[in-house]
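# Secondary and tertiary structure notes
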Amino acid sequence: MSSTETSQALKVVDAFDLDDELRTILKPGEMVRDSLGRRHRLPRYFYEITSHEAALATRLTPHFAMNELILNDLKEAPRLQQYPRYVPCAVRILAFYLEQFRAACGASVHIAVNGGYRSPSHKLAFDATPHLWGTAADIYRIGTSILKTKELIEKFNEIAEDLSDDIHVLPYGHTSGKNADDHLHLDLGYMMHIPREISEDRMEQPQESRPRFAFEERRARDRRAPASED
Amino acid sequence: MHLTPRGKISAMPSNSAQAKERDSVAAAEVSLYRNVLRIKDEHSLVDLGISFYDAETTIQWAYNADHYFHAASTMKLAVLLGVFRQVDRGDLPLDAPVHVRNRFTSIVNQEPFMLDLGRDADPDVYGHLGKTLTVRELAYWMITKSSNLATNLLVDVIGIDTIQRALDELGIDGVRVLRGVEDQRAFEAHLNNEVTANGLLKMLRLIADGKAYSQNACDEMLEIMLEQQYRSGIPAGLPKAARVAHKTGNISTVHHDAGIVYLEGRKPYVLVILTQFAADQGRSTAVADVSRDIFTTLAESINE
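This one's a predicted model, so the numbers in the text were calculated from it and none came from an experiment. (Residues numbered from 1 in each chain as written. Chains lettered and ligands numbered in written order. Predicted model: local features only at pLDDT ≥ 70, side-chain atom pairs only at ≥ 80, totals over all residues.)

## Quick look at the confidence of the model for chain B
Residue and element names in this part refer to chain B. Spelled out, the test is: A residue's pLDDT is simply how confident the predictor is in it, with values from 0 to 100. Each residue is represented by a C-beta atom placed from its backbone, and any two residues with such atoms within 7 Å are regarded as in contact.
Across chain B, the average pLDDT comes to 90, with 92% of residues at 70 or higher. A low-confidence stretch, residues 1–13 (pLDDT under 50), is modelled with 26 contacts involving residues beyond four sequence positions or located in other chains. For this predicted complex, the interface score ipTM comes out at 0.76, alongside a pTM of 0.85.

## Brief notes about the interface of chain B and chain A
Stated formally: Numbering of helices and strands runs from the N terminus; a helix is a DSSP stretch of H or I covering at least four residues, while a strand is a stretch of E covering at least two. Each residue gets one of three labels, nonpolar for Ala, Val, Leu, Ile, Met, Phe, Trp, Tyr, Cys and Pro, charged for Asp, Glu, Lys and Arg, and polar for the others, Gly among them.
If you look at the interface, chain B gives 14 residues, while chain A gives 12 residues. Of all the elements, strand β5 (residues 97–99) of chain B adds the most residues to the side of chain B that touches chain A, at 3 residues. Across the side of chain B that touches chain A, the residue classes break down as 6 nonpolar, 4 polar and 4 charged.

## Some words on helix α4 (residues 150–163) of chain A
Condition: Expected span of a helix, by definition, is 1.5 Å for each gap between consecutive residues, and there is one gap fewer than residues.
The terminal C-alpha atoms of α4 of chain A lie 20 Å apart, and with 14 residues this matches the ideal 20 Å at 1.5 Å per residue to within 8%. Those residues of α4 of chain A that are buried are in contact with α3 (91–105), β10 (136–142), β12 (168–169) and β13 (184–187) of chain A.

## Some points on the confidence of the model for chain A
On average, residues of chain A score 87 in pLDDT, and 83% of them are at 70 or above. When the criterion is pLDDT under 50, residues 1–7 of chain A qualifies, and its contacts beyond four places in sequence or with other chains add up to 14 contacts.

## So, the sheet that holds strand β10 (residues 194–195) of chain B
All names here are of chain B. Heads up, the condition is: Strand pairing is defined by DSSP finding a minimum of two bridges between the two strands.
On the basis of which strands lie adjacent, the open sheet formed by 3 strands has the order β4-β10-β9 and antiparallel pairing. The strands lining the two open edges of the sheet, one partner per strand, are β4 (69–70) and β9 (175–176). Of the pairings in the sheet, the one linking β4 to β10 comprises 2 bridges and is antiparallel in character. Looking across to β10, one finds that H70 is bridged to E194.

## Overview of the nonpolar core
Residues and elements named next belong to chain B. Put simply, the test is: What makes a nonpolar core is a set of buried Ala, Val, Leu, Ile, Met, Phe, Trp, Tyr and Cys residues, with links drawn between C-beta atoms within 7 Å. Buried means a residue has 20 or more other C-beta atoms within 10 Å of its own C-beta, exposed means 12 or fewer, and partly exposed covers the counts in between; C-beta atoms are placed from the backbone.
If you look at the biggest cluster of nonpolar residues, it comprises 145 residues, and the most contacted ones within it are I50, L80, V83, L138, A139, L154 and L200. If you tally residues by element for this core, the top one is helix α2 (residues 75–88), at 9 residues. Apart from the residues within four sequence positions on either side, L138 is in contact with V98, L133, A150, L153 and L154.

Below, the structure written as structure tokens:
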């Protein structure tokens, strides 16, 4: 497996090199559609987090640890409810913006379960959203305020939007995916981060004979399957 | 109404003993019937449904037991059954984490709704908003403190279809589960969960007998039900030493209790009491009174 250590001892993995089950779950490099039908390519490079203790100990910024961005419940694929866990490398950039947001709010920022990275196999991943890139956060509490009213959500949305044009928020409303009524959704779009240690040559040079994309495997399987008789 | 000492008559040694037992049972039946009517009258109940089965004597007795009532929180027993169906099949680990989120979808128009946090006092669940609780913890709070939030979260996890499938698989008629709780739009459209006393009795008997999926699943369910914290129903009519695995159900016009009563030195009895009253009347002690009356009648008939 090709891997490298970042300066903060996080192992970066090329998801093409993970086992079949993980590649099927993470779908590295596959194209998916968002709710408007626009196509986006899923991330390929992930941090590998070996244990809950490691997730707690990995500080992405002074106030955000890795564990806060990978909290999921039973809606996540069972394999990803266990360690080692995988999170797209762009999560570090999200944490940077969350730190700025925290400072602007002047209070602690609490990310909901299923509110950070979600794999494409997560039961909430009906359509592509930046959660699948590790670049979105659903925040349910800021300081002591539970975000469940229009006033609170709009107030903090405004703070987030004022921070940077890179930040997108969902307005208050009751339609899942389009707006939010019990959290603040903040994202950076479909951003992919390729750590500088990575050489992308391997995109053109498969290291093994096996197909590298899950969809390629499916197609290969389909080709091998005998034609059905009508 | 019938009072039937099933299986016992054939075991009696002589005709005179058999006749004596018949007289005793008939007297108990008359006494129970009179008392139930008196309680119904005293408490101005609109409706009353009772179903009873004693595993020790095999006596079974019922009053208006196939009449459907609004289930209120007794529907949570069906949710518990559905959860343990999935657990027993290996489809749902009891320690699986569930996101505690106060946001649900109405069955009427698929619009989201939130529970009124002030309506049921279960900080044990609400305190975890945004975090997780395990399936086991949610099942515990759903039954022991009748947490509506825990109930709706579990309904979301397993799905209404699974709950109905569990009821069908176990042949439990008389329990209809359409939705979670506090779905106001469904309530206004008269789409409610409903139960009969006989339906709940059958469910509880299966659990008491270890026949709801597996002995292990039943033991887990009983363990939770024995921890019930609301004890103004069936337990209030019993000696303090009695242990009751039960679930209450209350809304503005109904007060129910359905449970398995364990008394020292004898097999348990299963009792379901469903009461309905006028909205302006409020809850009374009718359930406890019926529970007391049945216990007393049972004790007297055994002593005879």
